[in-house]
Amino acid sequence: MYKGKDFIAVSINDESKLIAADSTVQSVLERYTELRGVDISAIAVAINSEVLPRARWQAEPCLTGDKFEIFSVVAGG
Amino acid sequence: MLKIGDYQFESRLFTGTGKFAAPQTMLAAIAASKSQLVTLAVKRLDLNTGSDNILQPLRDSGVKLLPNTAGARNVKEAVFAAHLAREMLGTDWVKLEIHPDPKYLMPDPIETLAAAKILCEQGFTVLPYVHADPVLCRRLEEVGCAAVMPLGSPIGSNQGLATETFLKIIIEQANVPVIVDAGIGAPSQATHAMELGADAVLVNTAIASSAEPVTMGRCFAQAVDTGRQAYLAGLGAVSQQAQHTSPLTGFLND
């Protein structure tokens, strides 16, 4: 279905996903938040267990095997 | 005015956002409570259900947001949660809580002190949730915490100030604000904490689990205000023996 050279496999919150090989972190996050009606200004992301500052999302490339963890705020005490 | 870090609060009632039946109820109850600081938690986004998007209405309401590290079981997880929260909310304030025990949610003092030291060194404004341990509270102050948040009784238990004796010692010794957190189940208990000299209280379950959270939020606002004013006015001394309030001579027998 996909051409191998154009897509890479990553994990997003423990689900395996194929994303365009030229994706940036920003583009991945936009796609996943928009699909689910989540406010992108209200999330944070860790890649391979390192928190990635928002200022670096645009320039950060994605690599095969990257492990994305997307977090949001929820109600709590 | 209550000053914590570089921020001033008119209200000495802080509120949590958990356990409310609906986001609108939570927002209305917080408004009624006049709270200016509310806690939030950080959680991995569920890709199937999305998130409840409570952040924007809270931001719009003008309250200061205090993310917590609930769910962290050790130093590493708590520091990670604090960094996530900072990216997410744009605040370096964090309510540090590390309670690996799911039954009583007792805060782990050793992990908490170590995490507090790291986060303070990294420039966070750290408000640690701890047991009512005067020695630990001093140690947390020494590593740079902006306040301490000793518990009254277990989280969500509504048991009130089971730790009163130790809260008094903490309040006497502290050079940073003391916020009594956890276990306050009734407005009268919040009043009592404030009468003891607490700088603020944090209430969540007692408001959220009331049949009428908005009314209860208002009750807590009044209770905290009353307790604070009573503390400032100065409570009378307690004595074992009766002390008459009317003159006992010169009326019937002279």
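Residues numbered from 1 in each chain as written. Chains lettered and ligands numbered in written order. Predicted model: local features only at pLDDT ≥ 70, side-chain atom pairs only at ≥ 80, totals over all residues. Heavy atoms only, no water.

**Student:** Explain the overall build of chain B here, please?
**Tutor:** Tallying secondary structure elements over chain B gives nine helices and 10 strands in all. Taking 2.2 N^0.38 as the reference for a compact globule, 254 residues should give roughly 18 Å; the C-alpha atoms of chain B span a radius of gyration of 20 Å, in line with that estimate. Taking the principal axes of its C-alpha atoms as reference, chain B extends roughly 85 × 40 × 35 Å. Considering chain B as a whole, with its 254 residues, one finds that 50% of them fall into the buried category. By sequence separation, contacts in chain B at least 24 residues apart represent 65% of the contacts at least 6 residues apart. (Helix = DSSP H or I, 4+ residues; strand = E, 2+ residues; numbered from the N terminus. Rg over C-alpha atoms; globule rule 2.2 N^0.38 Å. Buried < 20%, exposed > 50% of the residue type's maximum accessible area, 1.4 Å probe, protein only. Contact = heavy atoms within 4.5 Å.)

**Student:** Looking at this structure, how should I read the confidence of the model for chain A?
**Tutor:** Overall, the prediction assigns chain A a mean pLDDT of 89, with 94% of residues at 70 or greater. Of all secondary-structure elements in chain A, the lowest mean pLDDT belongs to helix α1 (residues 25–35) of chain A, at 90, while strand β3 (residues 43–47) of chain A reaches the highest, 95. (pLDDT = per-residue confidence, 0-100.)

**Student:** What is the right way to look at unusual backbone geometry in this model?
**Tutor:** Both trends apply: most residues other than glycine have a negative phi, and most peptide bonds are in trans. Residue and element names in this part refer to chain B. Positioned with a positive phi, Lys19 is a non-glycine residue whose angle comes to about 70 degrees. Looking at where Lys19 falls in the secondary structure, it is placed in the loop between β3 (13–16) and α1 (23–33). At Ala182, a position not held by glycine, the phi torsion is positive, near 80 degrees. Residue placement: Ala182 occurs in the loop between β9 (179–181) and α7 (187–195).

**Student:** Hey, could you run me through the layout of surface pockets in this one?
**Tutor:** Estimates place the volume of the largest pocket at around 490 Å³. Phe71 of chain A together with Glu77, Phe80, Ala81 and Leu84 of chain B are, among the 19 residues lining the largest pocket, the residues nearest its centre. Looking at the lining of the largest pocket, the elements that each hand over two or more residues are β4 (50–51) and β5 (67–75) of chain A together with β4 (37–44) and α3 (75–89) of chain B. Here the lining of the largest pocket takes five residues from α3 of chain B, the largest share from any one element. (1 Å grid on protein atoms, 1.4 Å probe; cavity = no way out; pocket = protein on both sides within 12 Å on 5 of 7 lines; lining within 4 Å. Points joined across faces, edges and corners; volume = space filled by probe spheres on them.)

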